[in-house]
Amino acid sequence: MNTEKEIKRVTTKTLSLLKKNNIKITSLTAYDFITAKLLDEAGIDIILVGDSLGNVFQGNETTLPVTMDEMIYHTKAVSKGINRAMLIVDMPFMSYQLSVDEGFRNAGRIMKETPAGGVKLEGGKRVANTIRQITQAGIPVMGHIGLTPQSIYQFGSYRERGKNKQEADEILEDARIIEEAGAFGIVLEKIPSELAKKVTESVKIPTIGIGAGVHCDGQILVTPDMLGLNIDFHPRFVRHYSSLAEEILKAVLNYIEDVKQNNFPSKEESY
Ligand code: KIV
């Protein structure tokens, strides 16, 4: 008899059911095996290998330098820690902007070379055909509108989007277009809470907010931000659930002190 409880993988169907039943969807990013394992054990619904790894893992100012090979490398590591969560992978800058075919090929590459459950790409109307082509091949796609960090040089800042009527209308229209193109969900980044509410009510697919208020169907944060590891970055939408930077600093200082004072290793820690 198999005594182990069977773990049910989160799928697009699960997420759709959660929205229908008004149960919030939880999501965090991961870039390595150990973090992914902890997030999965805690019961996170979606683990995103975000191209935010360009900032928080590689130390770049933007996400633009991240490559397909790097996304695939991190996804392979993250996937080994996951039993339950849905694993979504960001398509990096210039992996889908060149043409629909290029985006299609790269989405296929992610699905062939990793155990990802879907891909995420930024943009509304202008990427609709790419989303359509990828989803028609059976690959789940998550959209991402509002603040789209891959377009930082077009916008010139990381300011909130959708504050004026024109931008708000565009975001609403983009959400509908993405849904119609076949996406299973949409990330809404840094837009007013009331606009996120309107978007969430106007589409059947789940919305996952980051800096988009409480009315979204779910929330996502960048894990090193919410754990208090990325101390130089504190926009108001990030809540610190821990102060890991302080904890790590304290631990390393203690280690240095112990080594210098011949307090480590002890007899018990030696052979
Ligand atoms: O790259 C990323 O981590 C993301 C999330 C912030 C949604 O796109």
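The structure presented is a predicted model; accordingly, all values stated were derived computationally and were not measured.

Calculation notes
- Residues numbered from 1 in each chain as written.
- Predicted model: local features only at pLDDT ≥ 70, side-chain atom pairs only at ≥ 80, totals over all residues.
- Heavy atoms only, no water.
- Near = heavy atom within 4 Å.
- Polar contact = N/O pair within 3.5 Å; in protein donor to acceptor, adjacent residues only side chain to side chain.
- Areas by Shrake-Rupley, 256 points an atom, 1.4 Å probe, with all protein chains shown as cover.
- Nonpolar A, V, L, I, M, F, W, Y, C, P; charged D, E, K, R; others polar.
- Helix = DSSP H or I, 4+ residues; strand = E, 2+ residues; numbered from the N terminus.
- Buried < 20%, exposed > 50% of the residue type's maximum accessible area, 1.4 Å probe, protein only.
- Contact = heavy atoms within 4.5 Å.
- Patch = residues over 30% accessible without salt bridge, like charges linked within 9 Å, V, L, I, M, F, W, Y side chains within 5 Å.
- Salt bridge = Lys/Arg side-chain N within 4 Å of Asp/Glu carboxyl O.
- Domains from an automatic or database assignment.
- Buried area = accessible area lost by both parts, 1.4 Å probe.
- Pairing = 2+ DSSP bridges.
- Axes fitted to C-alpha atoms, helices over the stretch in contact; angles between N-to-C directions.
- Parallel < 35°, antiparallel > 145°, perpendicular 65-115°, else oblique.
- Left-handed = near helix turned anticlockwise from the far one by under 90°.
- Right-handed = clockwise from strand over helix to strand, strands pointing away.
- Expected span 1.5 Å × (residues − 1).

The full set of residues close to the ligand is Thr29, Leu48, Gly50, Asp51, Ser52, Asp90, Lys120, His144, Val187, Ile210, Ile220 and Val222. Side-chain polar atom of aspartate 90 to an oxygen atom of the ligand: 3.0 Å apart, as the coordinates give it. Between the ligand and the protein, one listed contact pairs an oxygen atom with a side-chain N or O atom of lysine 120 at 2.8 Å. Protein chains bury 95% of the 260 Å² of accessible surface belonging to the ligand in isolation. Within the shell around the ligand, the residues separate by chemical class into 5 nonpolar, 4 polar and 3 charged.

If you trace the backbone, alanine 245 turns up in helix H11 (residues 244-260). On the accessibility criterion, alanine 245 (17% relative accessible area) is buried. In this structure, the C-alpha to C-alpha distance between alanine 245 and lysine 19, residues 226 residues apart in sequence, is 35 Å. What alanine 245 contacts, discounting residues up to four positions off in sequence, is Gly228, Leu229 and Ile231.

A cluster of nonpolar residues, Leu229, Ile248, Leu249, Val252, Leu253, Tyr255, Ile256, Val259 and Phe264, forms a patch on the protein surface that exposes about 820 Å² of accessible area. When you line up the elements, leucine 249 lands in helix H11.

This part takes up the domain arrangement of the protein. Segmentation of the protein into domains returns domain 1 (4-240) and domain 2 (243-271). On a C-alpha basis, the centres of domain 1 and domain 2 stand 38 Å from each other. Residue-level contacts link 4 residues of domain 1 with 4 residues of domain 2. On the domain 1 side of the interface with domain 2, the three residues burying the most area are Leu227, Gly228 and Leu229, jointly 88% of the side's total. The interface formed by domain 1 and domain 2 contains 0 salt bridges. Counting across the domain 1 and domain 2 interface gives 2 residue pairs in polar contact (both at pLDDT 80 or more). In the side of domain 1 that touches domain 2, the residues fall into 3 nonpolar, 1 polar and no charged.

So, about the sheet that holds strand S4 (residues 118-120). The strands making up a sheet are joined through hydrogen bonds of the backbone, oriented either antiparallel or parallel. The strand order S1-S2-S3-S4-S5-S6-S7-S8 describes a closed barrel built from 8 strands, whose pairing is parallel. On average, each strand axis in the sheet is tilted by 25° relative to the strand beside it, whichever way the strands run. In the sheet, strand S6 (residues 185-189) pairs with strand S7 (residues 207-210) via 4 bridges, with the strands oriented parallel. Residue pairing for S7: isoleucine 186 is matched across the bridge by threonine 207.

The next subject is the pattern of salt bridges. Applying the stated criterion across every chain yields a total of 13 salt bridges. Among the salt bridges present, the one from arginine 132 reaches glutamate 180, with a minimum N-O distance of 2.8 Å. Here glutamate 180 lies in helix H8 (residues 165-181) and arginine 132 lies in helix H6 (residues 128-136), a separation of 48 residues in the sequence. On the basis of relative accessibility, which here comes to 24%, the residue arginine 132 falls in the partly exposed class. Taken together, the shared-partner salt bridges in this structure form one network comprising Asp69, Arg109 and Glu113.

Attention now goes to the packing of helix H4 (residues 68-79) against helix H5 (residues 100-113). Two numbers describe how H4 lies on H5: the axes approach to 10 Å, and their chain directions differ by 30°. Comparing their axes, H5 and H4 come out roughly parallel. Two packed elements cross with a definite hand, and for H4 against H5 that hand is right-handed. Contacts between H4 and H5 involve Met68, Asp69, Ile72 and Lys76 from the first element and Asn106, Arg109, Ile110 and Glu113 from the second.

Here strand S2 (residues 46-49) shows a buried face lined by Ile46 and Leu48 and a second buried face lined by Ile47 and Val49. Here strand S1 (residues 25-29) pairs with S2 via 3 bridges, running parallel. Across the sheet, residue threonine 29 finds its bridge partner in S2, namely leucine 48. With respect to chirality, the unit in which S1 leads through helix H2 (residues 33-42) into the neighbouring parallel S2 is right-handed. Where S2 meets strand S3 (residues 86-90), 4 bridges bridge the pair, whose relative direction is parallel. Pairing of isoleucine 47 across the sheet is with leucine 87, part of S3.

Moving on, we get to H8. The first and last C-alpha atoms of H8 sit 24 Å apart over 17 residues, in line with the 24 Å expected at 1.5 Å per residue. If you follow the buried residues of H8, they end up packed against H6, strand S5 (141-146), S6 and helix H9 (193-202). Capping the start of H8 is the job of one residue whose side-chain oxygen sits 3.2 Å from the backbone nitrogen of glutamine 166: asparagine 164.

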